[in-house]
Amino acid sequence: MTEFDEYYSPVAWWLWLKPRAVNRSSQRIEPADRASKSSQRIERANARDRASRFPQADRADPKYRPNPMSYPVALALSPPRAAYLHIPFCRRRCFYCDFPISVVGEFKTFRDRPDQPPEPATGRNSAPIIEYLSALEREITLGADRAAADQPPLETVFFGGGTPSLLAPEQVDRILQLLDRRFGLAPQVEISMELDPGTFDRAWLAGFLAAGVNRISLGVQAFQAELLAACGRSHGVQDIEQAVALLQSAGVKNWSLDLISGLPNQSIDQWQASLDRAVACGPAHLSVYDLIIEPQTVFDRRYQPGDRPLPSDEQTAQMYRMASQTLQAAGFQHYEVSNYAQFGFQCRHNRTYWENRPYYGFGMGATSYLAGQRFGRPRTRAAYYDWLNNGAIEPPASPQSVPDRLAETLMLGLRLAEGLALEPLRQEFGTVWVDRVLQCLDRFAAEGWVVRSGDRLALAEPDGLLFSNSILAEIFSTLEQEP
Ligand code: SF4
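Residues numbered from 1 in each chain as written. Predicted model: local features only at pLDDT ≥ 70, side-chain atom pairs only at ≥ 80, totals over all residues.

Draft legend 1. Examining the overall build of the chain more closely. Secondary structure summary: the chain contains 19 helices and 16 strands in total. Per-residue burial over the chain gives 51% buried out of 483 residues. Of the contacts formed within the chain by residues at least 6 apart in sequence, a portion of 75% connects residues at least 24 apart. (Helix = DSSP H or I, 4+ residues; strand = E, 2+ residues; numbered from the N terminus. Buried ≥ 20, exposed ≤ 12 C-beta atoms within 10 Å, placed from the backbone. Contact = placed C-beta atoms within 7 Å.)

Structure representation (structure tokens):
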């Protein structure tokens, strides 16, 4: 999921955090691609701006409200309490995906057994996975060697990918034991793992749970066989049903389900059916992402944004509102642009990103955020191994300007429904800059998309969150101008 790189751009950073089809994403944004990606996204958002609006709803969960006096710089410079681990292997590449992954194939085996039928690639039989995990452990060890003496135990760990459920349970256990030995795991640590339907069975799941995984994110994406096939997903509807049954029979409560809207040929009725079926599965958390056509993907070769068979911007805006309505009616809190949770089941790890807290990133393509510096690792295995063999050096921090830091803080904090407290922003960045931002938001406030409530600034649910790119674009433009 995590990917950021040295080509820093506020808009690119914002896009990195957008929905996962998309966001789990981690696209590294090459300089040549940034403008088109950004403008594509903003154009799309602008088109949506024309659509009608729903009344706002403030359902912020006070349990997760950040301490209004504790951000942003003091938090960014504090020792990390979160670690992201990138497991960059999939059995095939989905047609919309440009994440940093390696395809290990459905039936490649590590051992040469011509007399045996082939078996799906997993961490037990795939040489590339075994080799990669060895490198990953080296990087974790190096990171621990360099950690501050007062490093607190980790409070969240996230196995993202790729398809982490291709790892064998004993491999997950080994990594967690290493993290525990070298960093420590807090007693209430949240350990999330992305699982794809069709890649795990009862024993595999039991092994993950026994290793310490206590939060599952299931990559469903759609409940229609034809949509799954059209996306190049390696699972079918039956795999989803089996995966959900396995989670339920194992007694997993804290699990999330991912859906994608805006798929080619996806109808409004299909989207509603997916939302309804997702709710019926009983997850505690849902992530709902809007498809973006990424450069150099199969979809990029097949489709032009805005053209059929992709839904129109008005239709995808309608899908966003349908998700908001359906999921809130089912008791989910819309707590972040793309995320919904039952009370008490927000993703603690992902809140680390949105609250601008530091975190470790380990593995190919992973981004870390240490001492105020974001660093994206190489996105191919060969380059990642070279980087490791050369000492896994992260470049020295380069100071950011006040407008850039303020833009980043707003990009992150405004993703959360609870928004940001203004007084700490004024103290950190100065009244002049903050007031300029507030002024540029007046027209969005008039539309009902931006909410000022006491000392807090937030985007209204759902349309402020839906049109967040347009709002952020206005903020960036304002912060680029001299005061
Ligand atoms: S499962 Fe599909 S979308 Fe997810 S990382 Fe693998 S190829 Fe990409």
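Here the narrative resumes, following the displayed structure.
Draft legend 2. Quick peek at the pairing of strand 9 (residues 333-336). Summarising the sheet, strand 9 and strand 10 (residues 339-341) pair through 3 bridges and their orientation is antiparallel. When the sheet's bridge partners are listed, Glu336 is paired in strand 10 with Asn339. Two successive antiparallel strands, strand 9 and strand 10, enclose a turn made up of 2 residues. (Pairing = 2+ DSSP bridges.)

Draft legend 3. Summary view of the nonpolar core. Counting 124 residues, the largest nonpolar core has Ala83 and Leu85 as the members making the most contacts within it. When neighbours within four sequence positions are excluded, Ala83 is seen to be in contact with Leu154, Val157, Leu179, Tyr359, Tyr360 and Phe362. (Core = buried A, V, L, I, M, F, W, Y, C linked by C-beta atoms within 7 Å.)

Draft legend 4. Spatial organisation of the sheet that holds strand 1 (residues 82-87). Pairing is mixed in the open sheet, where 9 strands are placed in the order 9-10-8-7-6-5-4-1-11. Across the chains shown, the open sheet's two edge strands, defined by having one partner strand only, are strand 9 and strand 11 (360-362). When strand polarity is set aside, the average angle formed by the axes of neighbouring strands in this sheet is 20°. As paired elements, strand 6 (residues 215-221) and strand 7 (residues 255-261) share 5 bridges and run parallel to each other. (Axes fitted to C-alpha atoms, helices over the stretch in contact; angles between N-to-C directions.)

Draft legend 5. Representation of the confidence of the model for the chain. Of the residues in the chain, 82% have a pLDDT of 70 or more, and the chain-wide mean is 84. Here residues 1-70 is modelled with pLDDT under 50, and outside its nearest four sequence neighbours on either side it reaches 142 contacts, counting other chains as well. (pLDDT = per-residue confidence, 0-100.)

Draft legend 6. Seen up close, the pairing of strand 16 (residues 456-459). One ladder, built from 2 bridges, connects strand 14 (residues 420-421) with strand 16; its direction is antiparallel. Within strand 16, the position partnered with Ala421 by the bridge is Arg456. Judged from the 4 bridges that link them, strand 15 (residues 450-453) and strand 16 form a sheet pairing that is antiparallel. Across the sheet, Val451 pairs through a bridge with Ala458, a residue of strand 16. Hairpin remark: strand 15 followed by strand 16, antiparallel, with 2 residues in the connecting loop; positive phi at Gly454, about 60°.

Draft legend 7. Molecular detail of helix 14 (residues 402-413). The terminal C-alpha atoms of helix 14, which comprises 12 residues, lie 16 Å apart, in line with the 16 Å expected from a rise of 1.5 Å per residue. Burial runs high along helix 14: 9 of the 12 residues are buried. Every buried residue belonging to helix 14 is among Pro403, Arg405, Leu406, Ala407, Thr409, Leu410, Met411, Leu412 and Gly413, and all of these are buried. (Expected span 1.5 Å × (residues − 1).)

Draft legend 8. Layout of the sheet that holds strand 14. Read from one edge of the open sheet, 3 strands run 14-16-15, paired in antiparallel fashion. The open sheet is flanked by strand 14 and strand 15, the only strands paired with a single partner.

Draft legend 9. Helix 8 (residues 237-249), seen in detail. Its 13 residues give helix 8 an end-to-end C-alpha distance of 18 Å, which sits within 8% of 18 Å, the value for a rise of 1.5 Å per residue. Inspection of helix 8 places Ile240, Ala243, Val244, Leu246 and Leu247 among the buried residues, and these make up the whole buried set. Within helix 8, the buried residues cover an arc of 160° as seen down the axis, which keeps them to one side. Structural note: helix 8 exposes Gln238, Ala245 and Ser249 on the side pointing more than 90 degrees away from its buried face. Those residues of helix 8 that are buried are in contact with strand 5 (185-195), helix 6 (202-211), strand 6, strand 7 and helix 9 (268-281). Within two residues after helix 8, Gly251 carries a phi angle of roughly 75°, on the positive side. (Arc of directions from axis to C-beta.)

Draft legend 10. A look at the packing of helix 16 (residues 431-440) against helix 19 (residues 468-480). Running from amino to carboxyl end, helix 16 crosses helix 19 at an angle of 140°, the nearest separation of the two axes being 9 Å. Considered as vectors, helix 16 and helix 19 are oriented oblique to each other. Between helix 16 and helix 19 lies a crossing of right-handed hand. Contacts between helix 16 and helix 19 involve Arg436, Val437 and Cys440 from the former and Glu474, Ile475 and Thr478 from the latter. Here the residues of the contact of helix 16 with helix 19 are counted per class, giving 3 nonpolar, 1 polar and 2 charged. (Parallel < 35°, antiparallel > 145°, perpendicular 65-115°, else oblique. Left-handed = near helix turned anticlockwise from the far one by under 90°. Nonpolar A, V, L, I, M, F, W, Y, C, P; charged D, E, K, R; others polar.)

Draft legend 11. Here's a closer look at the packing of helix 15 (residues 422-429) against helix 16. Packing of helix 15 against helix 16 brings their axes to within 7 Å, and their N-to-C directions diverge by 130°. The orientation of helix 15 relative to helix 16 falls into the category oblique. Contacts between helix 15 and helix 16 pair Leu422, Leu425, Arg426 and Phe429 from the former with Thr431, Trp433 and Val434 from the latter. Across the contact of helix 15 with helix 16, the residue classes tally to 5 nonpolar, 1 polar and 1 charged.

Draft legend 12. Highlighting the environment of Asp173. Structurally, Asp173 can be placed in helix 5 (residues 169-182). Separated by 37 residues in sequence, Asp173 and Ala210 have C-alpha atoms that sit 8.1 Å apart.

Draft legend 13. Structural detail: the environment of Ala382. Within the secondary structure layout, Ala382 lies in helix 13 (residues 381-389). Residue Ala382 is classed as exposed on the basis of its C-beta count, with 9 C-beta atoms lying within 10 Å. On a C-alpha basis, the gap between Ala382 and Met364 in space is 9.3 Å, while along the polypeptide they are 18 residues apart.

Draft legend 14. Geometry of unusual backbone geometry. A cis amide bond links Arg308 with the next residue in sequence, Pro309, at an omega value of 10°. In this structure, Pro309 sits in the loop between helix 10 (298-302) and helix 11 (313-329). Residues Glu461 and Pro462 are joined by a peptide bond in cis, for which omega reads 0°. Mapped onto the secondary structure, Pro462 falls in the loop between strand 16 and helix 18 (463-466). A positive phi angle, close to 65°, is found at Asn265, a residue other than glycine. Following the sequence through the fold, Asn265 ends up in the loop between strand 7 and helix 9. Here Asn265 falls in the partly exposed class, since 13 other C-beta atoms lie within 10 Å of it.

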